[in-house]
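# Understanding the architecture of this molecule
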2 protein chains.
Amino acid sequence: MKSIPLILMGCGGVGRQLLQHIVSCRDIHALNYGVRLRVVGVADSKSLLSVPDIFTTELDDHSVDEICRLKSNGSSLSSLTSYGDYQVFSNSETITNITEVASHLVRSTGLAVVDCSASSDTIGILQKVAEMNGCIVLANKKPLTSSMEDYDKLVLHPRRLRHESTVGAGLPVIMSINRLLSSGDTIHRIVGSLSVEDGKPLSQVVKTAKALGYTEPDPRDDLGGMDVARKALIVARLLGQRLELDSIKVESLYPAEMGPNAMSVEDFLANGVSQLDNSLADRVEKAASNGNVLRYVCVIEGSRCEVGIQELPKNSALGRLRGSDNVLEVYSRCYSEQPLIIQGAGAGNDTTAAGVLADILDLQDLFT
Amino acid sequence: MKSIPLILMGCGGVGRQLLQHIVSCRDIHALNYGVRLRVVGVADSKSLLSVPDIFTTELDDHSVDEICRLKSNGSSLSSLTSYGDYQVFSNSETITNITEVASHLVRSTGLAVVDCSASSDTIGILQKVAEMNGCIVLANKKPLTSSMEDYDKLVLHPRRLRHESTVGAGLPVIMSINRLLSSGDTIHRIVGSLSVEDGKPLSQVVKTAKALGYTEPDPRDDLGGMDVARKALIVARLLGQRLELDSIKVESLYPAEMGPNAMSVEDFLANGVSQLDNSLADRVEKAASNGNVLRYVCVIEGSRCEVGIQELPKNSALGRLRGSDNVLEVYSRCYSEQPLIIQGAGAGNDTTAAGVLADILDLQDLFT
């Protein structure tokens, strides 16, 4: 049985869902692939819980349940102090210990470090793992949207890095683009609707999405366009564009006076979004008279990378989008008149965690 | 530099396009992946052209051009008898020599055998390669749609087999389905429009497609549904359904009296298709009155696998399909209300060969 040792960073909704998928898929993975995922460490923002013997033991199913229960209640792993035979390192020890565990494993059994957090602080660890020739799987966009200098260190060994769930949750976007690139296809233009807005009144969309756990903690992260901008940057960099995040032209869906510095999250949800509805209504009407709809999209074309509202034909793939579906259109040499279209649920813990799990399994040939 | 030795079977349009892509992508592959594709043998239906030293030499770019020129003129590789330092084996020697070359390489440098033919006779070689732990890349559907007994031997080592271009040319269909499966997602239903018909008068579609090289040599292979049936079977088997080709319910687009046993290709193209237009016209009209269109689709749901004409809403992804685009809708636990949709050019030598090339590159972690 081939074994893939894992350290998971991030115990939010996606991380917990991933742990649960790992447990529920044990039999499928053993039977169909002869592979066993062996979780040796789990870290939240403050602590690392580590198994007694990183070479041979793993987090058992019961402990996975316990961790998920604890974290969904909002508690910290550090509250465990010790847990059975497991060790819990906290605060300044955490990073040191993740790195130490990683260095031992990478040299022997191999290791995949999985980042399901939304933290800007994991990149240091990830760069060390890359440097050591370990594998990295990301749902976290932040490491890939850091400075080009930091990005280059992260992507040192491209075949040891996967990040499908950084763009469009589990949609096979990254993998499809990588296939085009490896086949020598020339990508001219990518247009994506990678947010959860769908033409309904913005207020309704935001409130629904937040309730379903589909938005960033502050929905203005979505509406400000930064979440879409990060996704666009990840795709642009995949195409070889050496862009920085602040060079992307981002049209925010909300004005400055409703920004996070000016208005609280609560006030925004209670009042701000309804005001936004009204100001967009005129634009929606004008578009409709042209047979168009408004969509919040990103466009990547050469070195041009822009995010904002565009009028699009009602009958285009992007125009017909419903619900929280994302859609990506890729125009290339092979897909010139009609683009390659990938469409489907672009958010949600289940599909995001599923994308991460598929990425882990796709690394199996690098393990013994 | 990592080296991937290749034997190519099939010098038709796809095989020649693949050789040309391999040559034109050398720099991209070297620069971006540190990989070199090393073609050591090329076979058509009768002969194998082999390099002098399979361990160290390769088919050079000039020879690739020469082979492509020769084959596009309809000549046989056997007409080369010898060519520079290359050896040409013909007829009964061919299979023996492919197998011998394969067995030497698999044990040392590794090997990928690539089948871009449309032959029913390659499966023996492919099974031997699988047994020897070599890699296999298929554009040819026939090996995957053989008896389950033969199929099982072929897919002995699933991670050493790729076949993206057997379904929907270069569309990332197989990879996407495999990702869902490896993540433990439960696939309920797959609906695909995997042929080149698009609602235009059938006669026009067939003639255009044939002129562009998009159809099987006898367009009735497409219209009879067998091509779509093979694709559907490949997908069904990927989902674990142990079905035989003859158990798939296939509604033919042409009646028995226009079949290959009753009418010649020429007569069919000249007269038969126009008659088909008329008989379908009523059905098209009735569908239109319901706000529907006719589409030739396959449906895979559990053990049910059917191919035929369905009335579909004008506004569905399948309903809106244009040109030679294929579309696949996957309904699963993660994609339940809105399916995962993959859509784009589903035929053509360029995109088919590109899919094969992407598959080859995806095997690189199995080589040194």
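Per an unreviewed UniProt entry, chain A goes by Homoserine dehydrogenase and derives from Chenopodium quinoa. Under the Sequence similarities (unreviewed entry) heading, UniProt states for chain A: "Belongs to the homoserine dehydrogenase family." A UniProt comment under Catalytic activity (unreviewed entry) is attached to chain A, and it reads "L-homoserine + NADP(+) = L-aspartate 4-semialdehyde + NADPH + H(+)".

Glancing now at the overall build of chain A. Tallying secondary structure elements over chain A gives twelve helices and 14 strands in all. Expected size for 368 residues packed as a compact globule is a radius of gyration near 21 Å; at 21 Å, chain A falls within 12% of this value. Along the first, second and third principal axes, the C-alpha set of chain A runs to 65 × 50 × 40 Å. Out of the 368 residues belonging to chain A, those deemed buried represent 59%. Restricting the contact set of chain A to residue pairs at least 6 apart, pairs at least 24 apart contribute 67%. For chain A, the accessible surface area stands at approximately 14,500 Å², while carbon and sulfur atoms represent 49% of it.

Okay, the domain arrangement of chain A next. Residue and element names in this part refer to chain A. For chain A, the assigned domains are domain 1 (2–170 + 350–366) and domain 2 (176–345). With 14 residues of domain 1 at the interface, the matching set in domain 2 holds 16 residues. A buried area of about 1,400 Å², summed over both sides, lies between domain 1 and domain 2, and 61% of it is on carbon and sulfur atoms. When the buried surface of domain 1 facing domain 2 is broken down by residue, Lys-141, Thr-145 and Met-148 rank first, second and third, together holding 42% of it.

Contact geometry for helix H2 (residues 26–33) of chain A and helix H7 (residues 173–182) of chain B: axes closest at 10 Å, N-to-C directions at 130°. Comparing their axes, H7 of chain B and H2 of chain A come out oblique. For the pair H2 of chain A and H7 of chain B, contact is made by Ile-28, His-29 and Tyr-33 of chain A and by Asn-178, Leu-181 and Ser-182 of chain B, respectively.

Before going further, it helps to examine the pairing of strand S6 (residues 112–115) of chain A. Taken residue by residue, a regular strand's side chains alternate between the two faces of the sheet. All names here are of chain A. Going residue by residue along S6, you find Ala-112 and Val-114 tucked away on one face and Val-113 and Asp-115 tucked away on the opposite face as well. Here strand S1 (residues 2–9) runs beside S6; their pairing, made up of four bridges, is parallel. Paired with Leu-6 across the bridge in S6 is Ala-112. Note that S6 and strand S7 (residues 135–138) share four bridges and pair parallel. Within S7, the residue paired with Val-113 across the bridge is Ile-136. Since S6 and S7 lie parallel, the crossover through helix H5 (residues 123–131) that links them has a hand, and here it is right-handed.

Bringing the relation of the copies chain A and chain B into the picture now. For the match of chain A to chain B, the screw axis carries a shift of 0.0 Å, the RMSD comes to 0.0 Å, and the turn is 180°. Taken together, the rotation angle and the small translation identify this as a two-fold axis. For chain A, the smallest separation between a C-alpha atom and the rotation axis is recorded for Ile-342 of chain A, amounting to 2.4 Å. When the interface residues of chain A are mapped onto chain B, 100% of them again fall at the interface, so both copies present the same face.

Glancing now at the state of the cysteines. Residue and element names in this part refer to chain A. A full pass over the atoms with the stated rule returns zero disulfides over all chains. Note on Cys-68: no disulfide assigned, nearest cysteine sulfur contributed by Cys-11 at a separation of 7.7 Å. What makes Cys-68 buried here is its relative accessible area of 6%.

Residues and elements named next belong to chain B. Looking at the element boundaries, Ile-136 is found in strand S7 (residues 135–138). The class of Ile-136 is buried, set by a relative accessible area of 1%. What Ile-136 contacts, discounting residues up to four positions off in sequence, is Val-113, Leu-126, Val-129, Ala-130, Leu-154, Arg-160, Leu-161 and Arg-162.

Turning next to the environment of Asp-359 of chain A. Note that Asp-359 of chain A resides in helix H12 (residues 349–362). It is 18 Å that separates the C-alpha atoms of Asp-359 of chain A and Leu-181 of chain A, two residues lying 178 residues apart in sequence. Not counting chain neighbours up to four residues away, the residues in contact with Asp-359 of chain A comprise Val-137, Arg-162, His-163, Glu-164 and Ser-165 of chain A together with Arg-179 of chain B. Polar contacts involving the side chain of Asp-359 of chain A include one to the main-chain amide nitrogen of Glu-164 of chain A, which spans 2.9 Å.

Residue and element names in this part refer to chain A. Of note, Asn-133 is a non-glycine position whose phi angle comes to about 75°, a positive value. Mapped onto the secondary structure, Asn-133 falls in the loop between H5 and S7. Assessed through its relative accessible area of 33%, Asn-133 is described here as partly exposed.

Once their charged atoms are close, side chains differing in charge can pair, the charge on each being opposite to the other. The full count for this structure, using the stated rule, is 38 salt bridges over all chains. Notably, a salt bridge pairs Asp-362 of chain A with Arg-159 of chain B, separated by 3.7 Å at the nearest N-O pair. One end of the pair, Asp-362 of chain A, is in helix H12; the other, Arg-159 of chain B, is in the loop between helix H6 (148–154) and strand S8 (161–162), on a second chain. Of the charged contacts, one joins Lys-286 of chain B and Glu-311 of chain B as a salt bridge, the two residues approaching to 3.5 Å between their closest N and O atoms.

Right, let's talk about the sheet that holds strand S9 (residues 187–193) of chain A for a bit. The strand order across the open sheet formed by twelve strands is S10(A)-S12(A)-S11(A)-S9(A)-S13(A)-S14(A)-S14(B)-S13(B)-S9(B)-S11(B)-S12(B)-S10(B), and the pairing between neighbours is mixed. Of all strands in the sheet, those with a lone pairing partner are strand S10 (249–250) of chain A together with strand S10 (249–250) of chain B, marking the two edges. Strands strand S11 (292–301) and strand S12 (304–313) of chain A of the sheet are contacted by helix H11 (residues 265–289) of chain A, whose axis makes an angle of about 90° with S11 of chain A.

Criteria and cut-off values
Residue positions are given per chain, counting from 1 as you read along its sequence in written order. Each chain takes a letter, starting from A, and each ligand takes a number, starting from 1, following the order in which they are written. Totals for whole chains, interfaces and linings use all residues, but because this is a predicted model, local features are given only for residues with pLDDT of at least 70 and pairs of side-chain atoms are given and counted only at 80 or more. Note: side-chain values were computed over all heavy atoms of the structure, leaving out hydrogens and water. UniProt positions are given in the numbering used here, feature names are shortened, and annotations may be inferred rather than shown by experiment. By the criteria applied, helices consist of DSSP H or I runs no shorter than four residues and strands consist of E runs no shorter than two, each listed in order from the N terminus. Radius of gyration means the value over C-alpha atoms here, while the globule rule gives 2.2 Å times the residue count to the 0.38 power. Here's how the labels work: a residue is buried when its accessible area is under 20% of the maximum for its type, exposed when over 50%, partly exposed in between, all with a 1.4 Å probe on protein chains only. Two residues qualify as a contact provided that any one of their heavy atoms is within 4.5 Å of a heavy atom in the partner residue. The Shrake-Rupley method, run with a 1.4 Å probe, gives the accessible areas here. Residue values count only the displayed protein chains as cover. Domain segmentation is taken from an automatic or database assignment of domains. When two parts are brought into contact, each loses some accessible area as probed by a 1.4 Å sphere; the total of that loss over both is the buried area. To obtain each axis, a line is fitted to C-alpha atoms, and for helices this fit is confined to the stretch in contact; angles are then taken between N-to-C directions over 0 to 180 degrees. Angle categories are assigned with fixed cut-offs, so that under 35 degrees is roughly parallel, over 145 is roughly antiparallel, 65 to 115 is roughly perpendicular, and the rest are oblique. One requirement defines pairing of two strands: DSSP has to find at least two bridges between them. For the handedness criterion, the strands are oriented away from the viewer, and a crossover whose path from the first strand over the helix to the second runs clockwise is classed as right-handed. Overlaid copies result from least-squares superposition on C-alpha atoms, with residues included only where pLDDT is at least 70 in both. The disulfide definition used here is simple: a pair of cysteine sulfur atoms within 2.5 Å. Counted as a polar contact is a pair of N or O atoms within 3.5 Å, where, for protein atoms, one must be capable of donating a hydrogen and the other of accepting one, and residues adjacent in sequence contribute only when both atoms are in side chains. The term salt bridge refers to a side-chain nitrogen of Lys or Arg lying within 4 Å of a carboxyl oxygen of Asp or Glu.

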